[in-house]
Amino acid sequence: MDHLRHHVAAAVVLVATSLLAGCTAPAPAPPPAAAEPPYHPVASIREVMNSVIDPSVDVVWNSVKTVIDHGRPIEHAPATDQEWAEVRRHALIVSEGANLLMMPGRPVAPPGAGSLAPGIELAPEEVRALIDQSPGGWNQFARALQDSLQPALAAIDKKDPQALFESGDEIDAICESCHQVFWYPNAGAAAPVSAR
Amino acid sequence: MKMKIFLVLLAAGALCAVQPAQAHHAFAAEYDVTKPVTLTGIVTKMEWANPHGWIYMDTKEPDGKVKHWMIETAGPSQLVRHGLKKADFTDGMSAVVKGYQGTNDPSLANGRTLVMKDGRSFYIGSVGGPNDGAER
């Protein structure tokens with residue numbers, strides 16, 4: 001009987017020691033505080049569009065075209081290494097500009113700015129609400145813009161004017177699709193008017 | 001040297017002056033759907049370019065004066081899809097363009113249909129235009 005009591009006492013001591021050890025173990029380290037991102041958006045989305053994306057995509061679009069003047073076609077395309085490099089520079093600006101659009105914390109427009117076409121194009125706060133509602137959708141469009149420049153860059157690297165020209169359609173389609181969702185979603189509802 | 005800089009700036013200014021505005025906007029922000037136009041005249045120039053084509057057309061006003069129009073069209077791939085070719089734009093071609101006048105520029109229009117002298121008709125409207133039945 002004494003023998004049994006001895007064993008029970010030993011077991012109680014063992015369990016108590018274990019519990020005590022558990023209680024006094026150092027608490028797990030708190031998760032590190034989220035570091036402030038090193039970047040700092042300076043321009044609004046509207047300014048990035050007007051100053052970075054739009055002027056550069058115009059260079060890409062305008063680099064190859066045909067002007068038919070009084071029936072006489074005049075072909076325009078980059079001819080020298082320098083001209084190809086210039087178009088490539090602008091294609092890269094648009095590609096990387098798409099990353100700027102995805103950066104969180106960028107305001108839609110400068111403070112106090114309103115809609116550029118009230119009643120047709122949304123006000124900045126309305127655009128913000130749509131982006132906040134679907135940040136994934138916004139980023140998907142920005143990424144699609146970036147991807148749409150890939151065929152243009154490949155065409156530039158091959159110095160292929162026709163392929164560069166054909167790449168312009170998809171870039172425009174992405175721009176327009178995004179604008180119809182986030183910038184002027186209600187503009188398609190214009191009253192039907194017969195043009196005939 | 002100053003003269004050279006001046007000439008470069010002058011040339012750049014001239015280029016900007018003839019370059020159609022290309023910033024993306026909603027159709028209704030640039031064109032007035034309450035102002036449909038039917039333009040009959042001579043096509044002097046066609047810019048087969050992305051993201052939109054541009055038809056330059058001279059029409060005769062009631063007072064006999066010639067008015068120069070700039071007419072935005074869909075992009076080249078859309079035009080091709082609707083059967084139009086660069087070769088269709090011949091010297092001195094007469095045509096009828098139906099579309100909508102610019103909101104702020106009375107000599108600007110967005111084309112919906114182009115009818116050639118031989119009767120062939122093409123849809124030339126860009127994305128975002130009104131649902132007016134032109135695309136049929």
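### Quick word on the overall build of chain B
Secondary structure assignment for chain B yields 3 helices and 6 strands. N-terminal to C-terminal, the α/β element order of chain B is α-α-β-β-β-α-β-β-β. Going through the 136 residues of chain B one by one, you find that 47% of them count as buried. Residue pairs at least 24 apart in sequence account for 53% of intrachain contacts in chain B once pairs closer than 6 positions are excluded. In the structure as shown, chain B presents an accessible area of about 7000 Å², 61% of it carried by carbon and sulfur atoms.

### Remarks on the pairing of strand β4 (residues 94-102) of chain B
Regular strands have side chains that alternate between both faces of the sheet. Residue and element names in this part refer to chain B. Two elements, strand β1 (residues 31-48) and β4, share 8 bridges in a ladder whose sense is antiparallel. Bridge pairing in β4 links L39 to V97. The sheet contact formed by β4 and strand β5 (residues 108-116) spans 7 bridges and is antiparallel. Its bridge partner lying in β5, V96 is registered against V115.

### Points about the layout of surface pockets
Residues and elements named next belong to chain A. Its boundaries defined by the atoms lining it, the second largest pocket holds a volume of some 520 Å³. Taken together, 29 residues line the second largest pocket, and the ones lying closest to its centre are I45, R46, M49, H179 and W183. Breaking the lining of the second largest pocket down by element, the ones donating at least two residues are α2 (45-62), α4 (124-133), α5 (135-148) and α7 (161-182). With 8 residues, α2 is the single largest residue contributor to the lining of the second largest pocket. Taken together, the residues of the lining of the second largest pocket break down into 23 nonpolar, 4 polar and 2 charged.

### Things to note about the confidence of the model for chain B
Residues and elements named next belong to chain B. Across chain B, pLDDT averages 86, with 82% of residues at or above 70. Counting contacts from residues 5-21, a segment whose pLDDT is below 50, to residues more than four positions away or on other chains yields 8 contacts. The ipTM, which scores confidence in the relative placement of chains, is 0.84 for this predicted complex, and the corresponding pTM is 0.81.

### Remarks on the interface of chain B and chain A
The interface of chain B with chain A comprises 36 residues on the first partner and 34 residues on the second. At the junction of chain B and chain A, the tally comes to 3 salt bridges. Between A:D169 and B:R81 there is a salt bridge whose closest N-O contact spans 3.7 Å. The interface formed by chain B and chain A holds 9 residue pairs in polar contact (both at pLDDT 80 or more) in total. Contributing elements (two or more residues each) for the side of chain B that touches chain A: α2 (27-30), β1, α3 (76-81) and β4 of chain B. Here the element with the most residues in the side of chain B that touches chain A is β1(B); it accounts for 7 residues. Considering only residue class, the side of chain B that touches chain A consists of 16 nonpolar, 11 polar and 9 charged. In this structure, strand β1 (residues 65-69) of chain A lies alongside β1(B), joined through 4 bridges in antiparallel fashion. Each residue of the ladder has a partner; that of A:D69, found in β1(B), is B:K45.

### A closer look at the state of the cysteines
Tallied over the entire structure, the rule returns 0 disulfides over all chains. You can see A:C175 has no disulfide; the closest cysteine sulfur is in A:C178, sitting 8.2 Å from it.

### Comments concerning empty space enclosed by the protein
Tallying each qualifying case throughout the model produces 1 cavity of 30 Å³ or more. Put simply, the largest cavity is a space of about 30 Å³. A:V60, A:W61, A:V64, A:L164, A:F165, A:S167, A:G168 and B:N50 are the residues that line the largest cavity. Counting only elements with at least two residues in the lining of the largest cavity, the list comes to α2 and α7 of chain A. Ranked by the residues each element gives to the lining of the largest cavity, the list is headed by α7(A), at 4 residues.

Rules used throughout
Residues numbered from 1 in each chain as written. Chains lettered and ligands numbered in written order. Predicted model: local features only at pLDDT ≥ 70, side-chain atom pairs only at ≥ 80, totals over all residues. Heavy atoms only, no water. Helix = DSSP H or I, 4+ residues; strand = E, 2+ residues; numbered from the N terminus. Buried < 20%, exposed > 50% of the residue type's maximum accessible area, 1.4 Å probe, protein only. Contact = heavy atoms within 4.5 Å. Areas by Shrake-Rupley, 256 points an atom, 1.4 Å probe, with all protein chains shown as cover. Pairing = 2+ DSSP bridges. 1 Å grid on protein atoms, 1.4 Å probe; cavity = no way out; pocket = protein on both sides within 12 Å on 5 of 7 lines; lining within 4 Å. Points joined across faces, edges and corners; volume = space filled by probe spheres on them. Nonpolar A, V, L, I, M, F, W, Y, C, P; charged D, E, K, R; others polar. pLDDT = per-residue confidence, 0-100. Salt bridge = Lys/Arg side-chain N within 4 Å of Asp/Glu carboxyl O. Polar contact = N/O pair within 3.5 Å; in protein donor to acceptor, adjacent residues only side chain to side chain. Disulfide = S-S within 2.5 Å.

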